[in-house]
Amino acid sequence: MAALARAFSPLIPTDFMQLLILTAALALLVVFGYASGQRRALAVAGGNPRLLHSLPRYHGHFVALWCGLPALLVITAWLVLEPTLLRLLVTNALPAEMADQPAERLALFYNEIRNVARHGHAATSDVVADAARHYAGLRQTMFMAVGSLALALAMAGVVFARRRVSPDMRARNRVERVVAVFLVASSTVAIFTTIGIVLSLLFETLRFFQFVPVTEFLFGTSWSPQIAMRADQVGSSGAFGAVPLFAGTLLIAGIAMVVAVPLGLLAAVYMAEYAQPRFRSVVKPLLEVLAGIPTVVYGFFAALTVAPFVRDAGAMLGLSVASESALAAGLVMGIMIIPFVSSLSDDVITAVPRSLREGAYGLGATKSETIKQVVLPAALPGIVGSILLAASRAIGETMIVVMAAGLAANLTANPLEAVTTVTTQIVTLLVGDQEFDSPKTLAAFALGLALFVITLGLNAIALSIVNKYREKYD
Amino acid sequence: MTDTAQMAAASSARPAVQIIAARLKRRHAAERRFRRTGLAAVVVSLGFLAILLFTILGNGLSAFSQTYVRLDVTLDAETLGIGDQRSADALASANYQGVVKEALYKRFPSVQGRVEKRELAGLVSSGADTDLRRLLAADPGAVGTTHTLWLVADDNVDMAMKGYISRKPGADGNRLSDRQLGWLAELEAEGAVVKRFNSILFSSGDSREPEQAGLWGAVVGSIYSLAITLLVSFPLGVATAVYLEEFAPKNRWTHLIEVNINNLAAVPSVVFGLLGLAVFLNFFGMPRSAPLVGGLVLALICLPTIIIAGRAALKAVPPSIREAATGLGASRLQVVTDHVLPLAMPGILTGTILGMAHALGETAPLLMIGMVAFIVDIPASPLDPSAVLPVQVYLWADSPERAFVERTSAAIIVLLVFLAVMNLGAIWLRKKFEHRW
């Protein structure tokens, strides 16, 4: 297998190729298991499938499952455990003076060993070269052991399951039970994702609060996360008061809402009440294109076109506008969330029953009066819901503000100045290599938790408003 | 009734009619205004879209061509610094830059002095030697011969040819000196400067030199990431949708799962990036910047989309199908796999494609897991460090060179074309297999 993998190595790295070959071999075995189970079932029934409890294909599935599942479990377990195990074995085999280094130095050193062994970097010393050889050897041996074990298990599974094929065997029920377990397990992934998000954010946030008090984070008005490398440098303390970030986020999201709500709402009213079906069928998808354009494109547009335009326009009026003004980022973000307002509002306006409109017409109201005094009040809960959803989108939006808003944490309500936002800071704090114990990186997780809680709260309120009033007219 | 009474009635009636007529006029005017405001909102929104697309197209289309300069290059062994050696190693590390410079000095023999010579050499890209290296690698016997070659021009020359940099001599702050503009005009007059299709953009990885920077590495990275996303999220999403729609009992647990899925759909994507960083990178020790991790994070992001679309598609299959199959003796799972799923598949696939399109444009979570590294090599496997298309856009947008504005826009055009194709595919699928029961 190694030779085969090496033959492809100019194109694809050997370790990945080996895994591919192992998977392919396993897949072949599974297919073979399926076919042999099916044939075996027909054979024990003397060629008459009616004598079987389950259709031959279920016997095939049964054998294939016995073949594939145990082997897959072994490989998955190995993939998860491999890094930890290798690290343990390699660091234990290091010369004593190396192994006694502090933990961070050892981690860096281990990283170097891994880079030499896996990516062919040049070794800086003999110790590294030896350790890298040890690493590569161990890895190869372990892979061979696990690969052989997996394939042996697969073959044993085929043999074992084939033996059990008989006319009375309830192959279908067994297969269906496995499928049912898979279905239930899949549906819990969503829950595990949420738990994962909450736990990882909470864990790192708690570590952050060991460095910085909660009250300073929530109520402090000064944000400068740069921490000096050496303790004796000036201004090295770092300040983690997040109020300027929350204010900046609200300012930009507020500008976005000022753009998006009137435009989106009026567009929704026009599309729902006035537009001809043909106009609607063309324009509605076009409006939704605005929501489908990647946000990095909006960010580029904001930084390249809108920000200079806003600055020049301000200069013509005699105003001094920062080149990364909140106004530019907010405007572009507003354009992006127009469809979030318009689509949902359109749906709720269309859902207002005809009878209400006809009642208003019967009393002599014009169409616009009907809309303003009957339809919109009736659709109000849904519209409020859509606006809240759009607001949560605006608050969580990242790329536009990363590319078009500033980095300086100004506490200001002036849209012409540069402000920074929660998401911008998360990205800035985490891009690039950082050690994971400084308050600087941990602050990003605290900000992430704040963002998560705020957007979740907004969504919960929006959904409860929509749900509470949805069936009023049904 | 007396005359006076009649007259009083008539005199009071007329103003009433007039008042009503005037008010009606006002009301109708208000009606027209309202209608026009609505139309204006639609037009303004679409106008923004048009401006956005026009800006990108206007900036980016020129990146699909690239300026080349024709030179007579002599592959002199001495200039190459290889002496008598002809081994592959010697040829690979030879001084191709020097050969290109010599060719330029020969073309403009009047150029003297170091500053002028450096300016002259600046006409041609510092990466123009790749063609020469390839030529010699294929035929080592070519040392000493002279070839007429089209070499990639420097990004400033390219910008000048495309009209982004003024070609008027003496302009302030021009990236090209007056001398360079003069040489360029001379070369152009004899037809030694042309613009051709920019194949570099579609065949190479990232580079610090705009004229050598390509998208291919990012495209491959995107393909790897999306493949992982699809492999993970499609089976999980369909299985969840099937479970919730066809098997799950209506109880607290199921309700919890449903609420969870709806909430996940609204979580900002950057938070998923934090999850990926904390769990996949720090806890499981997966490689940084790798499409594998990117794909996994994107899979979690588009899982809710697929589940919600899948449930809608399953719900749209009428119960009569299920009842008929059950009546013929199918088990519950057989009803689903043999009857309901095939009928719901177009809807599920449409939702999946839309989810994938969303994942393709996602940037922020990938920045969190380190996909912002400067990577020149084309990734060979999902475990290699790599960029993806939107991240490449972000990286290039940050570069100060004028030529990268053009490249960034071109990258956006490529990204939008991919998105358009995926969305049109989804629409086509929906139109073709749409059932009205």
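Residues numbered from 1 in each chain as written. Chains lettered and ligands numbered in written order. Predicted model: local features only at pLDDT ≥ 70, side-chain atom pairs only at ≥ 80, totals over all residues. Heavy atoms only, no water.

Visitor: Would you mind showing me how to read the side chain of Thr249 of chain A here?
Guide: Residue and element names in this part refer to chain A. For Thr249, the position within the fold is in helix α9 (residues 243-274). Taking relative accessible area as the criterion, Thr249 reaches 7% and is therefore assigned buried. Of the polar contacts made by the side chain of Thr249, one reaches the backbone oxygen of Leu245; its length is 2.7 Å. Excluding residues within four positions of it along the chain, Thr249 makes contact with Ile395, Thr420, Thr421 and Val422. (Helix = DSSP H or I, 4+ residues; strand = E, 2+ residues; numbered from the N terminus. Buried < 20%, exposed > 50% of the residue type's maximum accessible area, 1.4 Å probe, protein only. Polar contact = N/O pair within 3.5 Å; in protein donor to acceptor, adjacent residues only side chain to side chain. Contact = heavy atoms within 4.5 Å.)

Visitor: Help me understand the sheet that holds strand β2 (residues 146-152) of chain B, please; the structure alone is not making it clear to me.
Guide: Strand pairing in a sheet takes place through backbone hydrogen bonds and is either antiparallel or parallel in direction. Residues and elements named next belong to chain B. Spatially, 3 strands are ordered β2-β1-β3 in an open sheet, and the strand pairing comes out antiparallel. Pairing within the sheet leaves two strands with one partner each, and these edge strands are β2 and β3 (193-197). Looking at each pair of strands side by side, their axes are set apart by 40° on average, direction ignored. With 7 bridges joining them, strand β1 (residues 65-74) and β2 adopt antiparallel strand pairing. Within β2, the position partnered with Arg70 by the bridge is Trp150. (Pairing = 2+ DSSP bridges. Axes fitted to C-alpha atoms, helices over the stretch in contact; angles between N-to-C directions.)

Visitor: Can you walk me through the domain arrangement of chain A in this structure?
Guide: How big an interface is tends to be reported as the loss of accessible area on association of its parts. What the domain assignment reports for chain A is domain 1 (2-169) and domain 2 (239-470). The centre of domain 1 of chain A, based on its C-alpha atoms, is set 48 Å off from the matching centre of domain 2 of chain A. (Domains from an automatic or database assignment.)

Visitor: Would you take a moment to explain the pairing of β1 of chain B for this structure?
Guide: Put simply, side chains in a regular strand alternate between the two faces of the sheet. In this structure, β1 of chain B lies alongside β3 of chain B, joined through 5 bridges in antiparallel fashion. Paired with Ser65 of chain B across the bridge in β3 of chain B is Phe197 of chain B.

Visitor: I'm lost on the interface of chain B and chain A in this one. Help?
Guide: Listed per partner, the contact involves 78 residues of chain B and 82 residues of chain A. Both faces considered, chain B and chain A share a buried interface measuring about 6800 Å² in area, 78% of it formed by carbon and sulfur atoms. On the chain B side of the contact with chain A, Phe34, Leu52 and Leu274 of chain B bury the most area, a combined 9% of that side's loss. Put simply, chain B and chain A have 2 salt bridges between them. In this structure, Arg27 of chain B engages Glu369 of chain A in a salt bridge whose closest nitrogen and oxygen atoms are separated by 2.8 Å. Taken together, the links from chain B to chain A amount to 11 residue pairs in polar contact (both at pLDDT 80 or more). Sorting elements by how many residues they give to the side of chain B that touches chain A places helix α1 (residues 3-60) of chain B first, with 21 residues. Grouping the constituent residues of the side of chain B that touches chain A by class yields 55 nonpolar, 17 polar and 6 charged. (Buried area = accessible area lost by both parts, 1.4 Å probe. Salt bridge = Lys/Arg side-chain N within 4 Å of Asp/Glu carboxyl O. Nonpolar A, V, L, I, M, F, W, Y, C, P; charged D, E, K, R; others polar.)

Visitor: How should I be thinking about the domain arrangement of chain B in this particular structure?
Guide: Residues and elements named next belong to chain B. Splitting chain B by domain gives domain 1 (68-197) and domain 2 (216-433). Taking the mean C-alpha position of each, domain 1 and domain 2 sit 46 Å from one another. Tallying the contact residues gives 5 residues for domain 1 and 4 residues for domain 2. Both sides together, the interface formed by domain 1 and domain 2 hides about 460 Å², and carbon and sulfur atoms give 54% of it. Contact with domain 2 buries surface across domain 1, with Asp155, Met159 and Tyr164 losing the most and accounting together for 73% of the total. Inspection of the region where domain 1 meets domain 2 yields 1 salt bridge. In this structure, Glu406 and Lys162 form a salt bridge, with 3.2 Å as the shortest nitrogen-oxygen distance. One can count 1 residue pair in polar contact (both at pLDDT 80 or more) joining domain 1 with domain 2.

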